[in-house]
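# Breakdown of the fold
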Amino acid sequence: MTHRIQLESGESFAFASDEDTLLRAALRAGLGFPNDCGVGGCGNCRFELISGAMETLWAEAPGLSERERKRGRRLACQSKPASDCVVKARLADEYRPEIPARRLAARLDAMREIAPGMGEFVFRTEAPARFLAGQFAVLHPPGVEGARAYSMSNLPNEDGVWRFVVRRTPGGKGSNAMFDSLRVGDALTIDAPYGRAFWRNDNARDVVCVAGGSGIGPITSIVQAALRDGGPRRIHVFEGARTAADLCFRKLVPEEAAQLSYAPSLSAEVEGGAWAGARGFIHAHVEAHAFPVETTEFYFAGPPPMVEAMNDLLVLRWRAPFGQIHTDKFF
Ligand SMILES: Cc1cc2nc3c(=O)[nH]c(=O)nc-3n(C[C@H](O)[C@H](O)[C@H](O)COP(=O)(O)OP(=O)(O)OC[C@H]3O[C@@H](n4cnc5c(N)ncnc54)[C@H](O)[C@@H]3O)c2cc1C
(Lines give C-alpha, C1' and ligand atoms only; values in the text may rest on other atoms or scores of the structure.)
Protein backbone atom coordinates (compact mmCIF):
# COMPACT_ATOMS: atom_id res chain seq x y z
CA MET A 1 0.00 0.00 0.00
CA THR A 2 1.36 3.42 -0.95
CA HIS A 3 1.51 6.23 1.61
CA ARG A 4 1.96 9.90 0.75
CA ILE A 5 4.68 11.63 2.76
CA GLN A 6 4.37 15.38 2.97
CA LEU A 7 7.21 17.54 4.22
CA GLU A 8 6.29 20.68 6.14
CA SER A 9 8.53 22.60 3.73
CA GLY A 10 6.28 21.65 0.80
CA GLU A 11 7.91 18.65 -0.96
CA SER A 12 6.16 15.30 -1.02
CA PHE A 13 6.96 11.76 -2.09
CA ALA A 14 5.41 8.30 -2.19
CA PHE A 15 6.32 5.55 0.27
CA ALA A 16 5.54 2.59 -1.96
CA SER A 17 7.58 -0.38 -0.75
CA ASP A 18 7.29 -2.12 2.59
CA GLU A 19 11.01 -2.92 2.35
CA ASP A 20 11.93 0.78 2.44
CA THR A 21 12.55 3.23 5.25
CA LEU A 22 11.44 6.85 5.27
CA LEU A 23 15.02 7.89 4.44
CA ARG A 24 15.55 5.49 1.57
CA ALA A 25 12.17 6.34 0.00
CA ALA A 26 13.00 10.07 0.20
CA LEU A 27 16.44 9.55 -1.40
CA ARG A 28 14.98 7.24 -4.04
CA ALA A 29 12.59 10.09 -4.89
CA GLY A 30 15.66 12.32 -5.40
CA LEU A 31 15.11 14.51 -2.31
CA GLY A 32 18.00 15.98 -0.31
CA PHE A 33 17.04 14.38 3.02
CA PRO A 34 19.98 14.77 5.45
CA ASN A 35 21.79 11.46 6.02
CA ASP A 36 25.17 9.92 6.47
CA CYS A 37 25.53 6.31 7.67
CA GLY A 38 21.99 5.16 6.78
CA VAL A 39 22.00 2.45 9.49
CA GLY A 40 21.13 4.20 12.77
CA GLY A 41 24.59 5.24 13.93
CA CYS A 42 25.13 8.91 13.09
CA GLY A 43 21.82 10.68 13.80
CA ASN A 44 22.09 12.90 10.75
CA CYS A 45 18.62 11.91 9.44
CA ARG A 46 16.71 13.14 12.54
CA PHE A 47 13.19 14.42 11.90
CA GLU A 48 9.91 15.13 13.68
CA LEU A 49 6.62 13.43 12.95
CA ILE A 50 3.88 16.06 12.74
CA SER A 51 0.98 13.72 11.91
CA GLY A 52 0.35 10.15 10.83
CA ALA A 53 1.55 6.72 12.01
CA MET A 54 5.22 5.77 11.90
CA GLU A 55 6.78 2.44 12.91
CA THR A 56 10.24 2.53 14.53
CA LEU A 57 12.47 -0.33 13.34
CA TRP A 58 15.31 -0.14 15.86
CA ALA A 59 14.19 1.68 19.00
CA GLU A 60 17.68 1.71 20.62
CA ALA A 61 19.58 2.99 17.58
CA PRO A 62 22.59 4.92 18.95
CA GLY A 63 22.09 7.85 16.55
CA LEU A 64 19.57 9.41 18.99
CA SER A 65 20.07 10.22 22.66
CA GLU A 66 17.38 9.36 25.21
CA ARG A 67 16.73 13.09 25.58
CA GLU A 68 16.15 13.50 21.85
CA ARG A 69 13.82 10.50 21.80
CA LYS A 70 11.79 12.00 24.65
CA ARG A 71 11.56 15.26 22.68
CA GLY A 72 9.93 13.34 19.83
CA ARG A 73 12.92 13.12 17.49
CA ARG A 74 13.14 10.09 15.20
CA LEU A 75 15.63 8.67 12.73
CA ALA A 76 14.42 8.49 9.14
CA CYS A 77 16.68 5.47 8.49
CA GLN A 78 14.87 3.56 11.26
CA SER A 79 11.32 4.73 10.48
CA LYS A 80 8.67 3.14 8.31
CA PRO A 81 5.45 5.07 7.53
CA ALA A 82 2.27 3.13 8.35
CA SER A 83 -0.12 5.78 6.93
CA ASP A 84 0.04 9.08 5.06
CA CYS A 85 2.30 11.33 7.16
CA VAL A 86 3.47 14.90 7.56
CA VAL A 87 7.09 15.23 8.70
CA LYS A 88 9.44 18.07 9.55
CA ALA A 89 13.03 17.83 8.30
CA ARG A 90 15.50 20.30 6.85
CA LEU A 91 16.25 19.21 3.28
CA ALA A 92 19.48 20.46 1.70
CA ASP A 93 20.83 20.28 -1.84
CA GLU A 94 24.12 18.76 -0.71
CA TYR A 95 22.20 15.60 0.27
CA ARG A 96 20.39 15.27 -3.04
CA PRO A 97 21.64 11.94 -4.45
CA GLU A 98 23.76 12.13 -7.59
CA ILE A 99 22.49 8.65 -8.49
CA PRO A 100 19.14 7.70 -6.90
CA ALA A 101 19.41 4.32 -5.14
CA ARG A 102 17.81 1.20 -6.60
CA ARG A 103 17.16 -2.24 -5.17
CA LEU A 104 18.79 -4.86 -7.40
CA ALA A 105 18.64 -8.65 -7.34
CA ALA A 106 22.22 -9.91 -6.99
CA ARG A 107 24.03 -13.25 -6.74
CA LEU A 108 27.23 -14.01 -4.87
CA ASP A 109 29.73 -14.80 -7.61
CA ALA A 110 32.87 -15.36 -5.55
CA MET A 111 34.34 -14.91 -2.11
CA ARG A 112 38.00 -15.01 -1.08
CA GLU A 113 39.76 -14.44 2.20
CA ILE A 114 42.24 -11.58 1.81
CA ALA A 115 43.43 -11.43 5.44
CA PRO A 116 42.47 -13.24 8.64
CA GLY A 117 38.76 -12.49 9.20
CA MET A 118 38.63 -10.25 6.14
CA GLY A 119 36.81 -11.34 2.98
CA GLU A 120 36.27 -9.93 -0.49
CA PHE A 121 32.70 -10.64 -1.65
CA VAL A 122 31.93 -10.32 -5.36
CA PHE A 123 28.27 -9.97 -6.36
CA ARG A 124 26.75 -9.73 -9.81
CA THR A 125 23.57 -7.99 -10.96
CA GLU A 126 21.86 -8.03 -14.36
CA ALA A 127 21.81 -4.23 -14.32
CA PRO A 128 25.02 -2.15 -14.51
CA ALA A 129 26.74 -1.33 -11.20
CA ARG A 130 26.02 2.42 -10.98
CA PHE A 131 27.65 4.27 -8.10
CA LEU A 132 30.36 6.81 -7.35
CA ALA A 133 33.69 5.47 -6.09
CA GLY A 134 33.59 5.46 -2.27
CA GLN A 135 29.82 4.98 -1.90
CA PHE A 136 28.14 2.13 -0.04
CA ALA A 137 25.27 -0.32 -0.40
CA VAL A 138 22.68 -1.38 2.14
CA LEU A 139 22.55 -5.17 2.47
CA HIS A 140 20.40 -7.49 4.55
CA PRO A 141 22.71 -10.33 5.62
CA PRO A 142 20.66 -13.56 5.73
CA GLY A 143 18.81 -14.33 8.96
CA VAL A 144 19.75 -11.05 10.65
CA GLU A 145 17.49 -8.25 11.83
CA GLY A 146 18.16 -4.84 10.31
CA ALA A 147 20.35 -3.65 7.47
CA ARG A 148 24.13 -3.26 7.29
CA ALA A 149 26.15 -0.82 5.20
CA TYR A 150 29.02 -2.19 3.09
CA SER A 151 31.12 -0.03 0.78
CA MET A 152 31.91 -0.99 -2.79
CA SER A 153 35.65 -1.59 -3.26
CA ASN A 154 35.64 -1.57 -7.08
CA LEU A 155 34.74 0.98 -9.74
CA PRO A 156 31.28 1.40 -11.25
CA ASN A 157 30.90 -0.81 -14.32
CA GLU A 158 28.47 -1.91 -17.02
CA ASP A 159 28.98 -5.62 -16.16
CA GLY A 160 27.04 -5.47 -12.88
CA VAL A 161 30.03 -6.43 -10.69
CA TRP A 162 29.92 -5.25 -7.06
CA ARG A 163 32.90 -5.93 -4.77
CA PHE A 164 32.88 -5.50 -0.99
CA VAL A 165 35.57 -6.00 1.64
CA VAL A 166 33.92 -7.24 4.82
CA ARG A 167 35.56 -7.75 8.19
CA ARG A 168 34.22 -10.34 10.62
CA THR A 169 33.31 -8.22 13.65
CA PRO A 170 33.82 -10.35 16.79
CA GLY A 171 30.31 -11.19 18.04
CA GLY A 172 28.74 -9.13 15.22
CA LYS A 173 25.58 -10.63 13.73
CA GLY A 174 25.55 -9.15 10.22
CA SER A 175 29.21 -9.52 9.25
CA ASN A 176 29.40 -13.10 10.55
CA ALA A 177 26.23 -13.99 8.62
CA MET A 178 27.93 -12.73 5.44
CA PHE A 179 30.74 -15.27 5.99
CA ASP A 180 28.76 -18.17 7.49
CA SER A 181 25.33 -18.08 5.85
CA LEU A 182 26.07 -16.93 2.28
CA ARG A 183 27.31 -19.40 -0.33
CA VAL A 184 28.45 -18.75 -3.91
CA GLY A 185 25.30 -18.67 -6.08
CA ASP A 186 23.06 -17.35 -3.27
CA ALA A 187 20.75 -14.41 -3.94
CA LEU A 188 20.93 -11.13 -2.02
CA THR A 189 19.38 -7.73 -2.67
CA ILE A 190 21.79 -4.84 -3.17
CA ASP A 191 20.24 -1.47 -2.36
CA ALA A 192 22.63 1.21 -3.65
CA PRO A 193 24.22 3.67 -3.97
CA TYR A 194 24.30 5.69 -0.75
CA GLY A 195 26.85 7.94 0.95
CA ARG A 196 28.59 11.24 0.35
CA ALA A 197 32.24 10.33 0.93
CA PHE A 198 32.76 9.77 -2.77
CA TRP A 199 35.58 10.58 -5.18
CA ARG A 200 35.62 14.17 -6.50
CA ASN A 201 37.22 14.75 -9.86
CA ASP A 202 36.37 18.48 -9.98
CA ASN A 203 39.86 19.58 -8.90
CA ALA A 204 43.51 18.62 -9.43
CA ARG A 205 44.51 18.60 -5.74
CA ASP A 206 46.73 15.85 -4.35
CA VAL A 207 44.86 13.03 -2.59
CA VAL A 208 45.44 11.56 0.86
CA CYS A 209 43.54 8.31 1.48
CA VAL A 210 43.52 6.77 4.96
CA ALA A 211 42.01 3.38 5.78
CA GLY A 212 41.63 1.53 9.04
CA GLY A 213 40.67 -2.18 8.89
CA SER A 214 37.85 -2.78 6.39
CA GLY A 215 37.90 0.95 5.56
CA ILE A 216 40.32 -0.28 2.89
CA GLY A 217 37.22 -1.22 0.80
CA PRO A 218 35.99 2.29 -0.14
CA ILE A 219 39.57 3.61 -0.10
CA THR A 220 40.51 1.02 -2.74
CA SER A 221 37.61 2.23 -4.88
CA ILE A 222 38.68 5.86 -4.49
CA VAL A 223 42.32 5.11 -5.28
CA GLN A 224 41.29 3.27 -8.45
CA ALA A 225 39.13 6.25 -9.47
CA ALA A 226 42.02 8.66 -8.83
CA LEU A 227 44.34 6.47 -10.95
CA ARG A 228 41.69 6.20 -13.68
CA ASP A 229 41.17 9.97 -13.80
CA GLY A 230 44.92 10.69 -13.77
CA GLY A 231 46.05 14.29 -13.89
CA PRO A 232 49.08 15.74 -12.13
CA ARG A 233 47.84 14.75 -8.66
CA ARG A 234 49.80 12.56 -6.27
CA ILE A 235 47.92 9.85 -4.39
CA HIS A 236 49.12 8.98 -0.89
CA VAL A 237 47.58 5.83 0.62
CA PHE A 238 47.85 5.11 4.35
CA GLU A 239 46.65 1.76 5.68
CA GLY A 240 46.36 0.97 9.37
CA ALA A 241 46.15 -2.63 10.58
CA ARG A 242 47.13 -4.65 13.62
CA THR A 243 49.72 -6.95 12.03
CA ALA A 244 51.39 -7.38 8.63
CA ALA A 245 49.03 -10.29 7.86
CA ASP A 246 46.05 -7.91 8.22
CA LEU A 247 47.21 -5.48 5.49
CA CYS A 248 45.01 -5.69 2.37
CA PHE A 249 45.73 -2.79 0.03
CA ARG A 250 48.43 -4.49 -2.04
CA LYS A 251 46.20 -7.57 -2.46
CA LEU A 252 43.43 -5.34 -3.82
CA VAL A 253 45.58 -2.93 -5.89
CA PRO A 254 48.76 -4.83 -6.81
CA GLU A 255 49.81 -2.53 -9.66
CA GLU A 256 52.50 0.09 -9.04
CA ALA A 257 52.00 3.63 -10.36
CA ALA A 258 54.48 6.52 -10.37
CA GLN A 259 51.98 8.92 -8.74
CA LEU A 260 50.95 6.45 -5.99
CA SER A 261 52.70 6.05 -2.63
CA TYR A 262 51.68 3.49 -0.01
CA ALA A 263 52.46 3.76 3.72
CA PRO A 264 51.17 1.08 6.09
CA SER A 265 51.40 1.30 9.87
CA LEU A 266 50.89 -1.56 12.29
CA SER A 267 49.49 -1.09 15.78
CA ALA A 268 50.22 -4.54 17.24
CA GLU A 269 53.71 -5.30 15.91
CA VAL A 270 56.33 -5.33 18.64
CA GLU A 271 59.63 -3.47 18.52
CA GLY A 272 62.47 -5.73 17.37
CA GLY A 273 60.18 -8.05 15.41
CA ALA A 274 60.29 -8.80 11.67
CA TRP A 275 58.31 -5.66 10.72
CA ALA A 276 60.66 -2.89 9.59
CA GLY A 277 57.96 -0.33 8.71
CA ALA A 278 55.98 2.19 10.74
CA ARG A 279 54.29 1.21 14.02
CA GLY A 280 51.36 2.74 15.83
CA PHE A 281 47.97 4.12 14.89
CA ILE A 282 47.57 5.24 11.32
CA HIS A 283 46.45 8.81 12.11
CA ALA A 284 49.72 9.44 13.97
CA HIS A 285 51.60 8.21 10.92
CA VAL A 286 49.63 10.62 8.69
CA GLU A 287 50.34 13.49 11.09
CA ALA A 288 54.08 12.94 10.71
CA HIS A 289 53.78 13.82 7.00
CA ALA A 290 52.31 17.35 7.37
CA PHE A 291 50.47 17.73 4.06
CA PRO A 292 49.68 21.24 2.74
CA VAL A 293 45.94 21.31 3.43
CA GLU A 294 44.99 23.94 0.84
CA THR A 295 46.19 21.69 -1.98
CA THR A 296 45.06 18.30 -0.63
CA GLU A 297 41.77 16.34 -0.64
CA PHE A 298 41.36 13.93 2.28
CA TYR A 299 39.41 10.65 2.13
CA PHE A 300 39.25 8.30 5.11
CA ALA A 301 37.16 5.37 6.28
CA GLY A 302 37.24 2.90 9.11
CA PRO A 303 36.34 2.36 12.75
CA PRO A 304 34.90 5.34 14.70
CA PRO A 305 38.03 5.99 16.87
CA MET A 306 40.23 6.25 13.77
CA VAL A 307 37.76 8.53 11.99
CA GLU A 308 37.44 10.75 15.07
CA ALA A 309 41.25 10.97 15.40
CA MET A 310 41.53 11.92 11.71
CA ASN A 311 38.78 14.55 12.09
CA ASP A 312 40.60 16.03 15.12
CA LEU A 313 43.82 16.15 13.17
CA LEU A 314 42.32 17.72 10.05
CA VAL A 315 39.74 20.05 11.55
CA LEU A 316 41.28 21.15 14.86
CA ARG A 317 45.01 20.99 14.22
CA TRP A 318 45.57 21.31 10.48
CA ARG A 319 42.42 23.39 9.84
CA ALA A 320 41.74 21.71 6.52
CA PRO A 321 38.82 23.19 4.52
CA PHE A 322 35.60 21.21 5.29
CA GLY A 323 34.84 20.75 1.61
CA GLN A 324 38.09 18.80 1.17
CA ILE A 325 37.31 16.22 3.89
CA HIS A 326 35.34 13.14 2.80
CA THR A 327 34.80 10.43 5.37
CA ASP A 328 32.77 7.36 6.35
CA LYS A 329 32.59 6.20 9.93
CA PHE A 330 31.94 2.43 10.08
CA PHE A 331 29.38 2.33 12.93
C1 LIG B 1 28.75 4.00 5.70
C2 LIG B 1 29.25 2.67 6.24
C3 LIG B 1 30.02 1.86 5.42
C4 LIG B 1 30.51 0.64 5.90
N5 LIG B 1 31.30 -0.13 5.10
C6 LIG B 1 31.81 -1.30 5.57
C7 LIG B 1 32.67 -2.12 4.75
O8 LIG B 1 32.94 -1.81 3.58
N9 LIG B 1 33.15 -3.27 5.29
C10 LIG B 1 32.86 -3.65 6.58
O11 LIG B 1 33.33 -4.71 7.01
N12 LIG B 1 32.06 -2.89 7.36
C13 LIG B 1 31.51 -1.76 6.89
N14 LIG B 1 30.68 -1.00 7.69
C15 LIG B 1 30.31 -1.52 9.01
C16 LIG B 1 29.14 -2.51 8.84
O17 LIG B 1 27.98 -1.83 8.37
C18 LIG B 1 28.73 -3.19 10.17
O19 LIG B 1 28.53 -2.23 11.17
C20 LIG B 1 29.80 -4.16 10.61
O21 LIG B 1 29.94 -5.20 9.63
C22 LIG B 1 29.41 -4.81 11.95
O23 LIG B 1 28.13 -5.37 11.80
P24 LIG B 1 27.70 -6.66 12.63
O25 LIG B 1 26.28 -6.93 12.31
O26 LIG B 1 28.66 -7.76 12.43
O27 LIG B 1 27.83 -6.17 14.13
P28 LIG B 1 26.64 -5.85 15.14
O29 LIG B 1 27.34 -5.36 16.37
O30 LIG B 1 25.72 -7.01 15.27
O31 LIG B 1 25.87 -4.65 14.46
C32 LIG B 1 26.57 -3.46 14.14
C33 LIG B 1 25.70 -2.44 13.45
O34 LIG B 1 24.59 -3.04 12.78
C35 LIG B 1 23.44 -2.22 12.90
N36 LIG B 1 22.40 -2.92 13.71
C37 LIG B 1 22.57 -3.71 14.77
N38 LIG B 1 21.39 -4.17 15.23
C39 LIG B 1 20.45 -3.64 14.45
C40 LIG B 1 19.03 -3.73 14.40
N41 LIG B 1 18.33 -4.46 15.26
N42 LIG B 1 18.37 -3.04 13.44
C43 LIG B 1 19.05 -2.29 12.56
N44 LIG B 1 20.40 -2.18 12.54
C45 LIG B 1 21.08 -2.83 13.48
C46 LIG B 1 23.93 -0.98 13.48
O47 LIG B 1 24.38 -0.11 12.49
C48 LIG B 1 25.07 -1.44 14.36
O49 LIG B 1 25.96 -0.41 14.69
C50 LIG B 1 30.19 0.21 7.22
C51 LIG B 1 29.38 1.04 8.03
C52 LIG B 1 28.92 2.24 7.55
C53 LIG B 1 28.04 3.09 8.44
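Preceding this section is the structure that the text describes.
Figured I'd write up the structure that's included with this text.

Parameters at a glance
Residues numbered from 1 in each chain as written. Predicted model: local features only at pLDDT ≥ 70, side-chain atom pairs only at ≥ 80, totals over all residues. Heavy atoms only, no water. Core = buried A, V, L, I, M, F, W, Y, C linked by side-chain atoms within 4.5 Å. Buried < 20%, exposed > 50% of the residue type's maximum accessible area, 1.4 Å probe, protein only. Helix = DSSP H or I, 4+ residues; strand = E, 2+ residues; numbered from the N terminus. Domains from an automatic or database assignment. Contact = heavy atoms within 4.5 Å. Pairing = 2+ DSSP bridges. Polar contact = N/O pair within 3.5 Å; in protein donor to acceptor, adjacent residues only side chain to side chain. Expected span 1.5 Å × (residues − 1). 1 Å grid on protein atoms, 1.4 Å probe; cavity = no way out; pocket = protein on both sides within 12 Å on 5 of 7 lines; lining within 4 Å. Points joined across faces, edges and corners; volume = space filled by probe spheres on them. Nonpolar A, V, L, I, M, F, W, Y, C, P; charged D, E, K, R; others polar. Salt bridge = Lys/Arg side-chain N within 4 Å of Asp/Glu carboxyl O. Near = heavy atom within 4 Å. Areas by Shrake-Rupley, 256 points an atom, 1.4 Å probe, with all protein chains shown as cover.

## Digging into the nonpolar core
Counting 27 residues, the largest nonpolar core has Phe13, Leu22, Phe33, Phe47 and Val87 as its most contacted members. For this core, the secondary-structure elements that each account for two or more residues are strand 1 (3-7), strand 2 (12-15), helix 1 (22-28), strand 7 (85-88) and strand 10 (136-139). A domain split of this core shows at least three residues from each of domain 1 (3-95) and domain 2 (102-194). Every residue in contact with Val87, bar those within four places of it in the chain, is listed here: Ile5, Gln6, Leu7, Glu8, Leu22, Phe47, Glu48, Leu49, Ile50 and Met54. If you look at the next biggest cluster of nonpolar residues, it comprises 26 residues, including Trp199, Cys209, Val223 and Ala225.

## Quick look at the pairing of strand 9 (residues 118-125)
Among the 8 residues of strand 9, 7 are classified as buried, and the element is accordingly described as predominantly covered. When strand 8 (residues 102-115) meets strand 9, the two strands line up antiparallel, connected through 8 bridges. Its bridge partner being in strand 9, Leu108 is matched across the sheet by Phe123. Between the antiparallel neighbours strand 8 and strand 9 lie 2 residues, among them Gly117 with a positive phi of about 70°. Note: strand 9 against strand 12 (residues 161-167), 7 bridges, orientation antiparallel. Each bridged residue has a counterpart across the sheet, and for Val122 the counterpart in strand 12 is Arg163.

## A short note on the environment of Glu94
Structurally, Glu94 can be placed in the loop between strand 7 and strand 8. One polar contact links Glu94 to Arg196, side chain to side chain, over a distance of 2.9 Å.

## Remarks on the environment of Cys42
Considering the arrangement of structural elements, one finds Cys42 in the loop between helix 1 and strand 3 (46-51). Counting along the chain gives 180 residues from Cys42 to Ile222, while the straight-line C-alpha distance between them is 22 Å. With sequence-adjacent residues up to four places away left out, Cys42 is seen in contact with Asp36, Cys37, Gly63 and Phe331.

## Regarding helix 4 (residues 216-229)
In a regular helix each residue adds 1.5 Å, so 14 residues correspond to 20 Å; helix 4 covers 20 Å between its end C-alpha atoms and thus fits that length. For helix 4, a buried count of 11 out of 14 residues is recorded, marking the element as mostly surrounded by other parts of the structure. For helix 4, the full list of buried residues reads Ile216, Gly217, Pro218, Ile219, Thr220, Ser221, Ile222, Val223, Ala225, Ala226 and Leu227. Note on helix 4: the residue one or two positions beyond its end, Gly230, has a positive phi of about 60°.

## Quick word on the layout of surface pockets
Put simply, the second largest pocket is a space of about 280 Å³. Counting residues per element, the lining of the second largest pocket draws most heavily on strand 3, which supplies 3 residues. A breakdown of the residues in the lining of the second largest pocket according to their chemical character gives 3 nonpolar, 3 polar and 6 charged.

## Notes on the sheet that holds strand 17 (residues 278-279)
The strand order across the open sheet built from 6 strands is 17-16-15-14-18-19, with neighbouring strands paired in parallel fashion. Two strands in the sheet have a free side with no partner beyond their single neighbour: strand 17 and strand 19 (325-329). Inspection of the sheet shows strand 18 (residues 296-302) paired to strand 19 by 5 bridges, in the parallel sense. Bridge assignment links Gly302 to a residue of strand 19, and that residue is Lys329.

## Regarding the pattern of salt bridges
Counting across every chain of the model gives 21 salt bridges. Two residues, Arg168 and Asp180, come together in a salt bridge whose shortest N-O distance is 2.8 Å. Residue Arg168 is found in the loop between strand 12 and helix 3 (173-180), and its partner Asp180 is found in helix 3; the two are separated by 12 residues along the sequence. For Asp229, the salt bridge identified is with Arg228, shortest N-O distance 3.0 Å. Overall, the relative accessible area of 27% leaves Asp229 in the partly exposed class. The exposure class assigned to Arg228 is partly exposed, which follows from its relative accessible area of 47%. Through salt bridges with shared partners, a single network forms among Glu19, Asp20, Arg24, Arg28, Arg103 and Asp191.

## Quick word on the site of the ligand
Lining the immediate surroundings of the ligand are 24 residues, of which Arg148, Ala149, Gly174, Ser175 and Phe331 lie closest. At a separation of 2.7 Å, an oxygen atom of the ligand approaches a polar backbone atom of Ala149. Between Ser214 and the ligand, the recorded distance is 3.2 Å, taken from a side-chain N or O atom to an oxygen atom. When isolated, the ligand has an accessible area of 960 Å², and the protein chains bury 86% of it. When residues of the shell around the ligand are traced back to their parent elements, those giving at least two are strand 11 (148-151), strand 12, helix 3 and strand 19. It is strand 11 that contributes the most residues to the shell around the ligand, 4 residues altogether. Residues that form the shell around the ligand fall into these classes: 11 nonpolar, 7 polar and 6 charged.

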